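Listed below, chain by chain, are the residues.
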Amino acid sequence: MKKLIRFVLRYVPRKYIQRVVHFCTPVMGLLYAGRGVECPVCGRRYRKFMPYGYVRPRENALCPHCLALERHRLLWLFLQNETDFFDAPARLLHVAPEYCFIKRFERLPRLDYVTADLESPLAKVKMDIQRIPFPDDAFDIVFCNHILEHVDDDRLAMREMFRVMRPDGWGIMLSPVNPARRTTYEDPAITDPAEREAHFGQKDHLRDYGLDYGKRLAEAGFEVDEIDYVRYLDPEAAKLYGLRSEIVYRVRKA
Ligand SMILES: [Zn+2]
């Protein structure tokens, strides 16, 4: 059973898993029954989280109930503790919306919630992030997580998100960042999926961001805060929620 789960998580894209998760949840709940960890997004407790990862699966990563990963749980806590996201009236553009967030954000009564994606069936608006079909200053908040590493012209996409954000607006724009690289590694000549996996870590990644990722966001016009949010949390809480260190890139349009 464990091998089967690992196989599915390794080879089946998460967008397909998301469609059938409701049928699997009761079984996973039994397999992972326990109280060692707690998912802050859905509130469920388990013995531990499920392993997840394309190349080298990480232990204790995926919530069996809502499919939140470490970064989603971290982001949820960040939004809860450090922003007025759950209370303030706002219009949100959520690019490539994460399954674990959609229903919970839809329930927020003061949120005007717009989901958008190039291909995901979970999103309401079909769009290319390099040509966002909304006027200037249309949104108070923009979320775009783990997308820019897949986009041909990520600088253009960043400028587009800046354009549709109203002045004083803010956003969260996470991407996988390789801390061993000072500067981003990219090469548009590398197009073969296997080559991309070898060079950029995943077959649909177009680059391996380095520590200059925040600078690239700033070049699009944003003020950028790079927050290693796990450091601000109690170590016991970080353990309970199954978190790992990941920089939260919070952007603002001054
Ligand atoms: Zn969960």
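Please read these numbers as outputs of a predicted model, since none were measured by experiment. Residue positions are given per chain, counted from 1 along the sequence in the order it is written. Residue-level local features of this predicted model are given only where pLDDT is at least 70; pairs of side-chain atoms are given and counted only at 80 or more, and the full residue set underlies all totals for whole chains, interfaces and linings. In computing side-chain values, all of the structure's heavy atoms are included and hydrogens and water are not.

## A few points about the overall build of the protein
Link 1 in the chain: Per the convention used, a helix needs a DSSP run of H or I reaching at least four residues, while a strand needs a run of E reaching at least two, with both numbered from the N terminus. Broken down by element type, the protein carries eight helices and 13 strands.
Link 2 in the chain: Relative to the compact-globule value of 18 Å for 254 residues, the protein shows a C-alpha radius of gyration of 18 Å, a close match.
Link 3 in the chain: When the backbone C-alpha atoms are referred to their principal axes, the protein occupies close to 50 × 45 × 35 Å.
Link 4 in the chain: Accessible area is worked out with a 1.4 Å probe on protein chains only. A residue is then buried under 20% of its type maximum, exposed over 50%, and partly exposed in between. Counting only residues that meet the buried cut, the protein has 51% of its 254 residues in that class.
Link 5 in the chain: Element-wise, carbon and sulfur atoms account for 52% of the exposed surface of the protein, whose accessible area totals about 12,900 Å².
Link 6 in the chain: A positive count includes Lys and Arg, and a negative count includes Asp and Glu. His and the chain ends are not counted in either. For the purpose of locating charges, the reference atoms are NZ of Lys, CZ of Arg, CG of Asp and CD of Glu. In the protein, the 41 positive side-chain charges and the 37 negative ones have mean positions that sit 7 Å from each other. Radius of gyration here is computed from C-alpha atoms only, and the compact-globule reference equals 2.2 Å multiplied by the residue count raised to the power 0.38. Using a 1.4 Å probe, the Shrake-Rupley method yields the accessible areas, and only the shown protein chains count as cover for residues.

## Quick look at the domain arrangement of the protein
Interface extent is often summarised as the accessible area lost during association of the parts.
Link 1 in the chain: Segmentation of the chain into domains, including their bounds, is taken from an automatic or database domain assignment. Domain boundaries in the protein define domain 1 (2-68) and domain 2 (71-252).
Link 2 in the chain: The straight-line distance from the C-alpha centre of domain 1 to that of domain 2 is 22 Å.
Link 3 in the chain: Residue contacts are defined here by distance: any two heavy atoms, one from each residue, within 4.5 Å place the two residues in contact. Facing 27 residues of domain 1, the contacting portion of domain 2 comprises 20 residues.
Link 4 in the chain: For the domain 1 and domain 2 pair, buried surface summed over both sides reaches about 1,900 Å², with 55% attributable to carbon and sulfur atoms.
Link 5 in the chain: For this analysis, a polar contact is any N or O atom pair within 3.5 Å, provided that within protein one partner can donate a hydrogen and the other can accept it, and provided that sequence-adjacent residues contribute only side-chain to side-chain pairs. Counting the contacts that link domain 1 with domain 2 gives five residue pairs in polar contact (both at pLDDT 80 or more).
Link 6 in the chain: If you list the elements that add at least two residues to the side of domain 1 that touches domain 2, you get helix H2 (14-31), strand S1 (37-38) and strand S4 (58-62).
Link 7 in the chain: No other element matches the six residues that H2 contributes to the side of domain 1 that touches domain 2.
Link 8 in the chain: For the side of domain 1 that touches domain 2, a count of residues per class yields 15 nonpolar, five polar and seven charged. Defined here as a combined quantity, buried area equals the accessible surface (1.4 Å probe) lost by two parts on assembly, summed across both. Only Asp, Glu, Lys and Arg are considered charged in this grouping, and only Ala, Val, Leu, Ile, Met, Phe, Trp, Tyr, Cys and Pro are considered nonpolar; every other residue, Gly among them, is considered polar.

## A short note on the side chain of Glu 149
Link 1 in the chain: Within the element layout of this structure, Glu 149 appears in the loop between strand S8 (139-144) and helix H5 (154-164).
Link 2 in the chain: Here the side chain of Glu 149 touches His 150 through a polar contact of 3.5 Å, side chain to side chain.
Link 3 in the chain: Filtering out sequence-adjacent residues up to four positions away, Glu 149 remains in contact with Ser 175, Pro 176, Asp 204, His 205, Leu 206, Arg 207 and Tyr 209.

## A few points about the coordination of the zinc ion
Link 1 in the chain: The donor set covers N, O and S atoms within 2.8 Å of the metal, switching to 3.2 Å for Na, K and Ca, and it leaves out water, so a site may look short of donors. The protein atoms donating to the zinc ion are Cys 39 (SG), Cys 42 (SG), Cys 63 (SG) and Cys 66 (SG), with metal-donor distances spanning 2.3 to 2.4 Å.
Link 2 in the chain: Labels for metal geometry use angle windows, namely 85 to 135 degrees for all angles of a four-donor tetrahedral site, and for square planar (four donors) or octahedral (six donors) sites opposite donors over 155 degrees apart plus all others within 65 to 115; sites meeting none of these are irregular. Metal-centred angles of 104 to 116° between the four donor atoms at the zinc ion mark the site as tetrahedral.
Link 3 in the chain: Exposure remark for Cys 39: the relative accessible area of 0% places this residue in the buried category.

## Quick notes on helix H4 (residues 99-106)
The α-helix winds at 3.6 residues per turn, so residues separated by three or four positions along the chain end up facing the same way.
Link 1 in the chain: The element H4 is extensively covered by neighbouring structure, given that six of its eight residues are classed as buried.
Link 2 in the chain: All buried positions along H4 are accounted for by Tyr 99, Cys 100, Phe 101, Ile 102, Arg 104 and Phe 105.

## Section: the pattern of salt bridges
Link 1 in the chain: The salt bridge definition used is simple: a Lys or Arg side-chain nitrogen within 4 Å of an Asp or Glu carboxyl oxygen. Enumeration according to the criterion identifies 20 salt bridges in this entry.
Link 2 in the chain: Linked through salt bridges whose partners overlap, the residues forming this network are Asp 154, Glu 186, Arg 207 and Arg 216.

## Some details on the pairing of strand S13 (residues 247-252)
Link 1 in the chain: Only when DSSP finds a minimum of two bridges between them are two strands counted as paired. As paired elements, strand S9 (residues 165-172) and S13 share three bridges and run antiparallel to each other. Counted as the bridge partner of Trp 170 is Arg 252 from S13.
Link 2 in the chain: Bridging between strand S12 (residues 223-228) and S13 involves six bridges; their strand directions are antiparallel. Considered in S13, the bridge of Glu 223 is made with Arg 252.

## Side note on unusual backbone geometry
Link 1 in the chain: Of note in this structure, Ala 96 is not a glycine but carries a positive phi near 50°.
Link 2 in the chain: Checked against the element boundaries, Ala 96 lands in the loop between strand S5 (90-95) and H4.
Link 3 in the chain: With relative accessibility at 14%, the residue Ala 96 sits in the buried group.
Link 4 in the chain: We note that Asp 168 has phi near 75°; this positive angle belongs to a residue other than glycine.

## What to know about the nonpolar core
Link 1 in the chain: We define a nonpolar core as any set of buried Ala, Val, Leu, Ile, Met, Phe, Trp, Tyr and Cys residues linked to one another through side-chain atoms lying within 4.5 Å. By size, the foremost hydrophobic cluster in this structure holds 47 residues, and its most contacted members are Phe 85, Phe 105, Phe 143 and Val 248.
Link 2 in the chain: Elements supplying a minimum of two residues to this core: strand S3 (50-52), S4, helix H3 (70-82), S5, H4, strand S6 (111-117), S8 and S9.
Link 3 in the chain: It is H3 that provides the largest number of residues to this core, a total of six residues.
Link 4 in the chain: Each of domain 1 (2-68) and domain 2 (71-252) contributes no fewer than three residues to this core.

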